[in-house]
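Understanding the architecture of this molecule
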Amino acid sequence: MKMNRRQSREAAFCLLFEWAFHAEPFEALVENAKAARELEADDFALALTQKTIEQVEPLDALIEKYSEGWKVSRLSKATLSILRLAFCEITVLEDIPIGATINEAVELCKKYASEDEAAFVNGILGKHGRSGGSTTDAPEKETEDTVDDGQ
């Protein structure tokens, strides 16, 4: 299936949002989404979702580090899913400009959360970027060969 990156990120967000309510194994998540709503997701969306789920603990640690006093349990599931997705893209995947990731995360927030949450997400991701994008607590990066976006 041919999807652009925005569509792929949105598909990944939807899967992560579902996972936030039912922390089931990745394979079951995808199968249930296909059965319930005829999930359409390309290789990039599936790989991004899987990596985010696999790395959720270090990603949540980064979210808490840059959100200054906000525990992940206090964030809406939509905002948390978007932040997890964005931090995974920034810290795990290579060759994706941080500005593009931040912009896409903000747009997802505007669509699925609120303007205030979009500003919050922009601030957290921007703070991470201004800090030099430190990946001290982040998982190892993937190479483009490992994650095929189908493009």
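Summarised in this report is the structure supplied together with it. (Residues numbered from 1 in each chain as written. Predicted model: local features only at pLDDT ≥ 70, side-chain atom pairs only at ≥ 80, totals over all residues. Heavy atoms only, no water.)

**A closer look at the packing of helix α1 (residues 5–21) against helix α3 (residues 43–54)**
Where α1 meets α3, the axes come as close as 8 Å, and the angle between the chain directions of the two elements is 40°. Taken together, α1 and α3 sit at an angle that is classed as oblique. The chirality of how α1 crosses α3 is right-handed. Between α1, through Arg5, Ser8, Arg9, Ala11, Ala12, Leu15, Leu16 and Trp19, and α3, the contact on the second element is made entirely by Phe44, Ala45, Leu46, Leu48, Thr49, Thr52 and Ile53. (Axes fitted to C-alpha atoms, helices over the stretch in contact; angles between N-to-C directions. Helix = DSSP H or I, 4+ residues; strand = E, 2+ residues; numbered from the N terminus. Parallel < 35°, antiparallel > 145°, perpendicular 65-115°, else oblique. Left-handed = near helix turned anticlockwise from the far one by under 90°. Contact = heavy atoms within 4.5 Å.)

**Quick notes on the pattern of salt bridges**
Within the structure shown, the criterion is met by nine salt bridges. Arginine 37 is the partner of glutamate 18 in a salt bridge, and the nearest nitrogen-oxygen pair spans 2.5 Å. Note that glutamate 18 is positioned in helix α1 and arginine 37 in helix α2 (residues 26–37), a separation of 19 residues in sequence. In this structure arginine 37 comes out as partly exposed when scored by relative accessible area, which is 35%. (Salt bridge = Lys/Arg side-chain N within 4 Å of Asp/Glu carboxyl O. Buried < 20%, exposed > 50% of the residue type's maximum accessible area, 1.4 Å probe, protein only.)

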